[in-house]
Amino acid sequence: HGRCSANSRRTQTDSRDQNFDSICLSTYRTACKLRFIQKRCNLHLIDIYNVIEAVRDAGLNAVELNAGISVTRLENLVSSLFNQLSKRLPTTHTINPQESTVLLVQFILAAVDCEPESRLTVLSVKAMLATLCGGKLVDKLRYVFSQVSDSHGALVLSKFDSFLQEVLKLPTAVLEGPAFGYTNTAARSCFPQQKRVMLNLFLDIVVEPPQCLIWWPLMHRLANVEHVYHPVTCSYCHDNGMTGFRYRCLRCRGYQLCQNCFWRGKASGSHSSQHQMKEHSSWKSPAKKLGRALSRTLGCVSSREPPHPIYPEEPERTLNLANIVYKLTKRFVDFSFSFFLSLTAARRINEEHALIAAYVNRLQNSPRAVDSPSRQDEEHKLIARYTSRLAETDSTGMIPSRSINFDANKQKRELIAQLECKNREILAEIKRLRAEHDAACQPSPGRSSTNPTLLAELRQLRQRKDELEQRMSSLQESRRELMVQLEGLMKLLKAQAAGSSQASPSRPSPSSVRSLGAASPHAHMHHPQDSLAGVGGDVQEAFAQADDGREEEERLLNGKDRGKV
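Residues numbered from 1 in each chain as written. Predicted model: local features only at pLDDT ≥ 70, side-chain atom pairs only at ≥ 80, totals over all residues. Heavy atoms only, no water.

Within an unreviewed UniProt entry, the label attached to the chain reads Dystrobrevin, and the organism entered is Oryzias latipes. Here is the UniProt Subcellular location (unreviewed entry) comment for the chain, exactly as written: "Cytoplasm". Quoted verbatim from the Sequence similarities (unreviewed entry) field of the UniProt record, the comment on the chain reads "Belongs to the dystrophin family. Dystrobrevin subfamily." (UniProt positions renumbered as here; feature names shortened; annotations may be inferred.)

Encoded structure:
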């Protein structure tokens, strides 16, 4: 009970935070409050067909509408609704069935207790669940009409009055009773001109709802536009973009309000709350509006569809099984009677055979007494009795029927024999076709055998391919070595060009020549060997001779310099 009271207080707090009481229009205020209750109890996720199924499973479908219902039975019904819902929902969307059950049961009980001397009935449960659940309004109205109509498909005004008395407890429960409470004239005000209201006329509530139920279609429209976005700036709160309804003034050009500002009577500038406004539930770009206008001008736009489907006036008749049961019973009785007659005829024939056998036995046992008067009288009596039996049998027609039955059985046996023969022929044909199919699918010996010459050629080609691949790899390795040698030669030529530029005809200074002579032998001894490490022997020998000549020239130059000094 503590958890239930905590959930109830939290729901009331959230409702106050929404500030629904600041909405000026009572219709929108009532629809917003009931939509909040619907979403808070997760009833918007339950279809009207789920409600019908749960009511049928709970056994309330065959109970009178005015019959009372206990709170425990109501809790079981609502709990089954939300338990089935939790099984249908995906894993990404979960609900708490127990919490939703407690909230909905508390709200229904509070709505019933709003009026004095009221009690919880089957009709009140059906009416409130059908009103607050999700789904199409047309389907809900069809279900309501099935509850308040007679067997001929006409509305019963007293039942409809009871329905209004129950369903109008919902606005009273959200403190909107003064605007949409129940009155004694509410039922007659819905259809004042019609004496006989059928289904299609009742469904016109979708288009032109009566004053006491005007909040019901609006609640469905609120649910349809909750996620509709309008890329327009509100002229009062200046929010970029609107969600839900959009209201455009028919007098002030370009003046548009979001639903929160319009519902609360906001106005700015030359606009007044008394100006006529047009409600928009969708956004259409200027290009789409232009195309729509051109299509309407050219007559290309199809006629508008009716607001609801047109249903037959007469209700669908249920299948009458009485005639079918009677025919089946009659056939069974006829069969039983014929079977009894056949047994009676067989019994009579057996009796006749027994009489004949007894007569024959008597003749065989006393052949001398055949000509006696008493024996003749007995024979005459026996023959008369036998002929009377035969006459009675012929009058009833049992003997011809037996002969006909024998002929029919013979014809049936012949037909069965013909069908069995035909079946054997068909099986033989199937077996033959299956054998031909298996023979066609199996490979022939000629195709399965391979040519040895082709295999040898294929083996040689593969061997040749391997040799070429090995040759290619060896050539690539030789190419890599040649590139390394070429790189070393290029470095050596660059070094030789740099040395020749330093040994130009101009006389070098003694210090520079001395330093060069001191350092050059070691430099030229190791450089060619380092740079030609990966080059062949002939190339190394040629470069070595050139290095020796260069060292001899440097020694002569050093000797001349020392003599001068």
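Asks: When you look at unusual backbone geometry in this model, what are you seeing that I'm missing?
Replies: Backbone phi values are negative for most residues with the exception of glycine, while trans is the configuration of most peptide bonds. Located in the positive-phi region is Asn42, a residue other than glycine, with phi close to 65 degrees. Within the secondary structure, Asn42 sits in the loop between α2 (26-40) and α3 (48-57). Residue class for Asn42 comes out buried when judged on its relative accessible area of 15%. Backbone geometry at His238 places phi at a positive 60 degrees, although glycine is not the residue there. (Helix = DSSP H or I, 4+ residues; strand = E, 2+ residues; numbered from the N terminus. Buried < 20%, exposed > 50% of the residue type's maximum accessible area, 1.4 Å probe, protein only.)

Asks: Before we go on, may I ask you to explain empty space enclosed by the protein in this structure?
Replies: The gaps of empty space that remain are located by a probe, the size of a water molecule, rolled over the atoms. Evaluation of the coordinates by the stated rule reveals one cavity of 30 Å³ or more. Estimates place the volume of the largest cavity at around 50 Å³. If you go around the largest cavity, the residues you meet are Leu123, Lys126, Ala127, Ala130, Tyr143, Val144, Gln147, Val148 and Phe163. Of the residues in the lining of the largest cavity, the class split is seven nonpolar, one polar and one charged. (1 Å grid on protein atoms, 1.4 Å probe; cavity = no way out; pocket = protein on both sides within 12 Å on 5 of 7 lines; lining within 4 Å. Points joined across faces, edges and corners; volume = space filled by probe spheres on them. Nonpolar A, V, L, I, M, F, W, Y, C, P; charged D, E, K, R; others polar.)

Asks: Would you mind showing me how to read the sheet that holds strand β3 (residues 246-249) here?
Replies: Read from one edge of the open sheet, three strands run β4-β3-β5, paired in antiparallel fashion. Each edge of the open sheet carries a strand with a single partner, namely β4 (256-258) and β5 (277-280). Adjacent strand axes in the sheet meet at a mean angle of 25 degrees when their direction is disregarded. (Pairing = 2+ DSSP bridges. Axes fitted to C-alpha atoms, helices over the stretch in contact; angles between N-to-C directions.)

Asks: Just to check I follow, could you spell out the pattern of salt bridges for this structure?
Replies: Between side chains of opposite charge, a pair can form as their charged atoms come close. Evaluated as defined, the whole model comprises twelve salt bridges. One salt bridge connects Arg432 with Glu436, and the closest N-O pair in it is separated by 2.7 Å. Within this pair, Arg432 and its partner Glu436 are both found in helix α18 (residues 398-441), separated by four residues, close to a single helical turn. Looking at Arg432, the relative accessible area reads 38%, which means it is partly exposed. Two residues, Lys491 and Glu487, come together in a salt bridge whose shortest N-O distance is 4.0 Å. Placement of the pair is Lys491 and Glu487 together in helix α20 (residues 452-502), with a separation of four residues, close to one helical turn. Residues joined by salt bridges that share partners form a network here, namely Asp21, Arg29, Lys33 and Glu176. (Salt bridge = Lys/Arg side-chain N within 4 Å of Asp/Glu carboxyl O.)

Asks: Honestly, the pairing of strand β2 (residues 240-243) in this entry has me stumped. Any pointers?
Replies: With three bridges joining them, strand β1 (residues 229-233) and β2 adopt antiparallel strand pairing. Residue pairing across strands places His230 opposite Met242, the latter belonging to β2. As consecutive antiparallel partners, β1 and β2 are separated by six residues, and within that stretch His238 has a phi angle of approximately 60 degrees, a positive value.

Asks: Looking at this structure, I do not really get the nonpolar core. What am I missing?
Replies: Across soluble globular proteins, you tend to see nonpolar side chains buried next to one another. If you look at the biggest cluster of nonpolar residues, it comprises 89 residues, and the most contacted ones within it are Phe160, Phe163, Leu164 and Phe202. Two domains each donate at least three residues to this core, and these are domain 1 (1-224) and domain 2 (227-284). Other than its neighbours up to four places away in sequence, Phe160 contacts Val148, Leu155, Ala187, Cys190, Phe191 and Phe202. (Core = buried A, V, L, I, M, F, W, Y, C linked by side-chain atoms within 4.5 Å. Domains from an automatic or database assignment. Contact = heavy atoms within 4.5 Å.)

Asks: So what exactly am I meant to see when it comes to the side chain of Ser149 here?
Replies: On the secondary structure map, Ser149 appears in the loop between α7 (137-148) and α8 (157-167). Among the polar contacts listed, one links the side chain of Ser149 to the backbone oxygen of Phe145, at a separation of 2.7 Å. Dropping the residues within four chain positions of it, Ser149 is found in contact with Ala154, Leu155, Val156 and Lys159. (Polar contact = N/O pair within 3.5 Å; in protein donor to acceptor, adjacent residues only side chain to side chain.)

Asks: It is not clear to me how the packing of aromatic side chains should be interpreted in this structure. Could you clarify?
Replies: What characterises a pair of aromatic rings is the spacing of the ring centres plus the angle enclosed by the ring planes. Applying the stated criterion to the full structure yields nine aromatic pairs. Relative to Phe202, the ring of Phe191 has its centre 6.0 Å away and its plane inclined at 35 degrees; by these criteria the two rings are tilted. Residue Phe191 is located in the loop between α11 (186-190) and α12 (199-202), and its partner Phe202 is located in helix α12; the two are separated by eleven residues in the primary sequence. When its relative accessible area of 12% is taken as the criterion, Phe191 is described as buried. Through a chain of ring-to-ring contacts, the aromatic side chains of Phe145, Phe160, Phe163, Phe191 and Phe202 assemble into a single cluster. (Phe/Tyr/Trp six-rings, centres within 6.5 Å; stacked < 30°, edge-to-face > 60°.)

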